[in-house]
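# Secondary and tertiary structure notes
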Amino acid sequence: MGEIRKSNHFVNLNLNVRGLSQSATLVINERSNELIQQGKKVYKLGLGQSPFPVPKIVQEALQRNAYQKDYLPVKGLMKLREAIAAFNYRHEGTLCSPEDIMIGPGSKELIFILQLVYYGELIIPTPSWVSYSPQARIAGRHVTWVPTSEVSNWRLSPEKLDLICRSDPDRPRVVILNYPSNPTGSTYPEERLKKLAEVARKYNLILISDEIYGLLDHEGNHISISRYYPEGTIISSGLSKWAGAGGWRLGTFTFPENLRWLQNAMAIVASETFTSTSAPIQYAAITAFEEHKEIDEYLVYSRKILKALGNYMTDRLRAINITLPSPKGGFYLFPNFNFYREKLASKGILTSFELCEAVLKDTGVAFLPGMDFGRQPEELTCRMAYVDFDGEMVLDKAMNDFKDKPIDNEFLKSYCPKMIKSIDLLEEWLENL
């Protein structure tokens, strides 16, 4: 018999895909679940999934619409787009038409398709969400990272953005601005948004304002930069974070009217890829975006819980010489372990990846290294998602037993014990270095 010819399938991969790893947030979740199945105690601060249930009236709407089976319009169900336009005005004061809205199977998919159809450089402040840069690589787009500093709460500087653009002012560019931020929990004050808008207008930038955590601003005071740069801002949002519906996969883009050409190009690609977002999910989402007292209360108490827990964890971390910004929205912290650099180095721990590996192995506390978010490996920053608690039970307690009471430390110790224990274990681990 002749010799069987061996092939290296790797070389047949698209060059833009070679060497890419699975999304870090999904990897840490799968790894945590595997450890749990092996009987190990794991504190899941890795995946940023809302701990809260989908609001009950939205769940009921899905049940009522389970029979929906038709392919819907590529840009989305018109009744849903009408509800989102009204929702945007109600919450943001943003005037838009239903025609300006596009629905996709998650905002992640919409951000990717935009990079695919728009031929421009991608500007990303770092630290940033883990998928922006890999998406650009898959689409063959050039990425310019803009380093930010802890001193400025990891926020993009208008001056740095201007510096990047001025050398080639006519170059097409897309800037991604995500706030409240994943991974830092920081947000942007109004004056900073106005200055960023001035730079964007000066260079005719397309701005993707990723506001998926906007409704989880801890004070309920989120401001969209689209107020100050309406002609060039695309608002990215969806149901995954504020409505606890990550697995439903429904994202939204709100375009300015003058970018209708870009929306139409995205719709062409959508028609040849995902066709349309799930019909039952779109029909159910109408209820989520309509005005309902139950949803308003759900948001009030979700914010109340996340604010209290985020502040508690921040105080505990700062007490052991870990520096980080105070969280202003969402459910993330971005601690810096630089104080322990020498002690960590003596144990052979020199990078954020090695730090996270050691903590997971020794304590069962799972979180992600700053290098996954675009930071240098030797910077000892990490992302913690403070979501490992029974969101349905905690929300019920807050809305009923603590309706007129503050969410204090005793509440957190009683109803969020895994979050408290994760900090206890981390503190003990650092003390024993």
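What you are looking at is a predicted structure, and each value in this text was computed from that prediction instead of being measured. (Residues numbered from 1 in each chain as written. Predicted model: local features only at pLDDT ≥ 70, side-chain atom pairs only at ≥ 80, totals over all residues. Heavy atoms only, no water.)

From N to C terminus, the protein includes 15 helices and 12 strands. For a compact globule of 433 residues, the expected C-alpha radius of gyration is about 22 Å, and the protein comes in at 22 Å, within 12% of that figure. The principal-axis extents of the C-alpha atoms in the protein amount to approximately 70 × 65 × 60 Å. Out of the 433 residues in the protein, the part that is buried amounts to 56%. Long-range contacts, defined as pairs at least 24 residues apart, comprise 74% of the intrachain contacts of the protein with a sequence gap of at least 6. Of the roughly 19,600 Å² that the protein leaves accessible, carbon and sulfur atoms contribute 51%. A distance of 3 Å separates the average location of the 50 positive side-chain charges in the protein from that of its 51 negative side-chain charges. (Helix = DSSP H or I, 4+ residues; strand = E, 2+ residues; numbered from the N terminus. Rg over C-alpha atoms; globule rule 2.2 N^0.38 Å. Buried < 20%, exposed > 50% of the residue type's maximum accessible area, 1.4 Å probe, protein only. Contact = heavy atoms within 4.5 Å. Areas by Shrake-Rupley, 256 points an atom, 1.4 Å probe, with all protein chains shown as cover. Lys, Arg positive; Asp, Glu negative; His and termini not counted. Charge placed at Lys NZ, Arg CZ, Asp CG, Glu CD.)

Bringing the pattern of salt bridges into the picture now. Counted by the stated rule, this structure contains 16 salt bridges. As a salt-bridge pair, Lys-194 and Glu-191 come within 3.5 Å of each other at their nearest N and O atoms. In this pair, Lys-194 and Glu-191 are both assigned in helix α7 (residues 190-202), three residues apart and thus about one turn of the helix distant. Between Arg-316 and Asp-424 there is a salt bridge, with the nearest N and O atoms lying 2.7 Å from each other. (Salt bridge = Lys/Arg side-chain N within 4 Å of Asp/Glu carboxyl O.)

This brings us to the side chain of Arg-303. As for its placement among the helices and strands, Arg-303 is situated in helix α10 (residues 293-319). Leave out the neighbours within four places in its chain, and Arg-303 touches Leu-215, Leu-216, Asp-217, His-218 and Gly-220.

What follows covers the sheet that holds strand β5 (residues 173-178). Here we have seven strands laid out as an open sheet, ordered β2-β8-β7-β6-β5-β3-β4, and mixed in their pairing. In the strand order of this sheet, the two ends are held by β2 (101-104) and β4 (143-147), each with one partner. Along the sheet, successive strands turn relative to each other by an average axial angle of 20°, direction set aside. Here three bridges tie strand β3 (residues 121-126) to β5, and the two strands are oriented parallel to one another. Along β5, the bridge assignment pairs Ile-123 with Val-175. (Pairing = 2+ DSSP bridges. Axes fitted to C-alpha atoms, helices over the stretch in contact; angles between N-to-C directions.)

It is worth spelling out helix α6 (residues 158-166) at this point. One full turn of an α-helix is made of 3.6 residues, so residues set three or four places apart face in the same direction. When α6 is considered as a whole, its buried residues turn out to be Pro-158, Leu-161, Asp-162 and Cys-165. Down the axis of α6, the buried set is contained in an arc of 100°. They therefore lie on one face. In α6, those exposed residues whose orientation departs by more than 90 degrees from the buried face are Glu-159 and Leu-163. Looking at the buried positions of α6, the neighbouring elements they touch are β3, β5 and α7. (Arc of directions from axis to C-beta.)

Glancing now at the packing of helix α4 (residues 107-117) against helix α5 (residues 132-139). Across the interface, α4 lies against α5 with an axial gap of 9 Å and an inter-helix angle of 40°. By the criterion of interaxial angle, the relationship of α4 to α5 is oblique. α4 and α5 meet at a crossing whose hand is right-handed. Of α5, the residues touching α4 (which contributes Lys-108, Ile-111, Phe-112, Gln-115 and Leu-116) are Tyr-132, Gln-135, Ala-136, Ile-138 and Ala-139. Per-class residue counts for the contact of α4 with α5 are seven nonpolar, two polar and one charged. (Parallel < 35°, antiparallel > 145°, perpendicular 65-115°, else oblique. Left-handed = near helix turned anticlockwise from the far one by under 90°. Nonpolar A, V, L, I, M, F, W, Y, C, P; charged D, E, K, R; others polar.)

If you walk across this open sheet you meet the three strands as β9-β12-β11, and the pairing is antiparallel. Each edge of the open sheet carries a strand with a single partner, namely β9 (332-333) and β11 (368-369). One ladder, built from two bridges, connects β11 with strand β12 (residues 382-385); its direction is antiparallel. Its bridge partner lying in β12, Pro-369 is registered against Cys-382.

This paragraph deals with the pairing of β4. Pairing of β3 with β4, which is carried by five bridges, proceeds in the parallel orientation. Residue pairing across strands places Ile-123 opposite Thr-144, the latter belonging to β4. With respect to chirality, the unit in which β3 leads through α5 into the neighbouring parallel β4 is right-handed. (Right-handed = clockwise from strand over helix to strand, strands pointing away.)

Here we come to the environment of Glu-379. As for its placement among the helices and strands, Glu-379 is situated in the loop between β11 and β12. A relative accessible area of 18% means that Glu-379 is categorised as buried. Spatially, the C-alpha atom of Glu-379 lies 35 Å from that of Val-394, the residues being 15 residues apart in sequence. Leaving out residues up to four positions away in the same chain, Glu-379 has contacts with Trp-154, Arg-341 and Ser-352. Within the structure, Glu-379 has its side chain in polar contact with the side chain of Thr-381 (distance 2.9 Å). (Polar contact = N/O pair within 3.5 Å; in protein donor to acceptor, adjacent residues only side chain to side chain.)

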